[in-house]
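Architecture and fold: a report
This is what each chain is made of:
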Amino acid sequence: MKPDSTTCTLDKALLPKTWYEIRADLPSPPPALLHPGTLQPLDEDALSQVFAPSLAKQELATQRDVEIPQPVRNLYAMWRPSPLVRARRLEALLDTPARIYFKAESASPTGSHKTNSGLAQAFFAKQDGISRITTETGGGQWGASLAYGGAQFGVEVDIFMVRVSYQQKPYRRGQMEVYGARCVPSPSPTTQAGKAILAQNPHHPGSLGVAVSEALELAMHSDNTRYCLGSVLNHVILHQTIIGQEALVQMELMDDYPDMVIGCAGGGSNFSGLAFPFLGKALREKKSTRFIAVEPLACPSLTRGTYGYDFGDVAGMTPLLKMHTLGATFTPPSFHAGGLRYHGMAPMTSHVYALGLIEATAVTQMASLEAGVQFARAEGIVPAPESCHAIRTAIDEALVCKREGKAKTILFNLSGHGHFDMQVYMDYLGGKLVDEPLDEAHLKEALGRLPGVGV
Ligand SMILES: *Cc1c(COP(=O)(O)O)cnc(C)c1O
């Protein structure tokens, strides 16, 4: 069946059967995760103490094609293949010769790409006989996705939600509870890590770093419980490659191929999930495709961070990861894209950046929201504030095409919708938002505190 010229959804029968592991096509492997005490590479057994064993195995595996379990495929089929949309109205508005396409991960039941991994992680935990999983969430998209997975596969889910977000985004908490998960504001009195912080400051606003420490502690001290993470790790990126696997087929059905692949980057999973299948093809077939990760200027790990070993949390409980980092103690100035507030970038995304295989750029909150509003008025979908960063760069590249009179093909990831983020848009439209500059002294101090391992 030939798709119409605007939207390409795929026959369910064409839903990809495999996720794609980029290590199979890279010229060199990424640096190993290290044990924080011994500084030795972590093996599968050690990782299985923290993560469900199947996920620990995926974290280290290098086989190119990884079969998607049928129960996960069946759930994916509810909304996947997600639409690949030619943004013709946006093209007309910009008066650009460029062809702009976006992959609508906003179509998932929880509203973002995170569902792709939330379902997979809950499935593997259940298969491994794990009865309870813990995690942290900032804006709530990841917590909601894992809660949905837990409901599908019958695994208990405990979520530590950054306290400010818990207060600012009560509907996300409500969504997690509808799925049957427990959600507590972090720091909480339920863990030693939380108690210690509350003792110092009973009104602590929380941070992702603190919430990670709490979720890890609960997992380590409970029977048959494991910890889950919504981005950054290799197995999470693996699950997200379903996005790029579909897009490869859809672009072919549209009789087109991207010159540029763009995604916003917080921990790196939605960008890499779309980009890696195209990057693998570029490496195998010597294609020259540009891959652009877009981060906020207020939390710019790829463009301003140091490439070195660092912790994933403030308390230093996680393995050491080699990544582009602003320092585990870095706290970004307040901006609304909660999913982009992480201090580090995925080791795999950092590795391909260090190899020169991808580019990175940083944009301001105001510029990204301006692009998001323009996109919503043209294409109808109100994007998540995180996704607005990708849209900004896609629009900027389309305007370069206009200046140069070149009809290039641009593909970007619409990582989620912004239906829980209306306050951000109301504040933006009401003229209440300003760009807070990065605190250079704070960044310098946080970078000065890196553990200094193997750099
Ligand atoms: C979490 C999130 C992000 C950022 O995380 P990545 O791992 O970099 O993808 C981006 N967009 C949305 C909608 C999110 O929920």
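Scroll up to find the structure this text is about.
It should be emphasised that the depicted structure is a prediction, and the values quoted were computed from it without experimental measurement.

Quick notes on the rules
- Residues numbered from 1 in each chain as written.
- Predicted model: local features only at pLDDT ≥ 70, side-chain atom pairs only at ≥ 80, totals over all residues.
- Heavy atoms only, no water.
- Near = heavy atom within 4 Å.
- Polar contact = N/O pair within 3.5 Å; in protein donor to acceptor, adjacent residues only side chain to side chain.
- Areas by Shrake-Rupley, 256 points an atom, 1.4 Å probe, with all protein chains shown as cover.
- Nonpolar A, V, L, I, M, F, W, Y, C, P; charged D, E, K, R; others polar.
- Buried < 20%, exposed > 50% of the residue type's maximum accessible area, 1.4 Å probe, protein only.
- Helix = DSSP H or I, 4+ residues; strand = E, 2+ residues; numbered from the N terminus.
- Pairing = 2+ DSSP bridges.
- Phe/Tyr/Trp six-rings, centres within 6.5 Å; stacked < 30°, edge-to-face > 60°.
- Lys NZ or Arg CZ within 6 Å of the ring centre and 35° of its normal.

Moving on, we come to the site of the ligand. Taken together, 18 residues sit near the ligand, with Lys 114, Ser 231, Gly 266, Ser 269 and Asn 270 positioned nearest. At 3.1 Å, a side-chain N or O of His 113 approaches an oxygen atom of the ligand. Separating an oxygen atom of the ligand from a side-chain N or O atom of Lys 114 is a distance of 2.7 Å. When isolated, the ligand has an accessible area of 380 Å², and the protein chains bury 97% of it. Here the shell around the ligand is built from residues that sort into 4 nonpolar, 12 polar and 2 charged.

A few words on the pairing of strand 10 (residues 260-264). Most of strand 10 is tucked away, with 5 of its 5 residues classed as buried. Here strand 10 pairs with strand 11 (residues 290-296) via 5 bridges, running parallel. The residue bridging Val 261 from the neighbouring strand is Phe 291, located in strand 11. The pairing of strand 10 with strand 15 (residues 409-414) spans 3 bridges and is parallel.

Per the stated rule, a full pass over the model turns up 10 aromatic pairs. Ring geometry for Tyr 76 versus Trp 79: centroids 6.0 Å apart, planes at 75 degrees, classification edge-to-face. Across the pair, Trp 79 and Tyr 76 agree in class, each one buried. Relative to Tyr 179, the ring of Tyr 148 lies with its centre 5.5 Å away and its plane at 40 degrees, an arrangement referred to as tilted. Remark: Tyr 179 occurs in the loop between helix 8 (170-178) and strand 8 (182-186) and Tyr 148 occurs in helix 6 (residues 141-153); sequence separation between them is 31 residues. Under the relative-accessibility criterion, Tyr 148 is labelled buried at 5%. Taken together, the ring pairs in this structure connect Trp 19, Phe 123, Phe 124 and Phe 153 into an aromatic cluster. Just above the ring of Phe 420 sits the side chain of Arg 172; from NZ or CZ to the centre is 3.9 Å. The lysine or arginine in question, Arg 173, covers the ring of Tyr 166, its NZ or CZ lying 4.0 Å from the ring centre.

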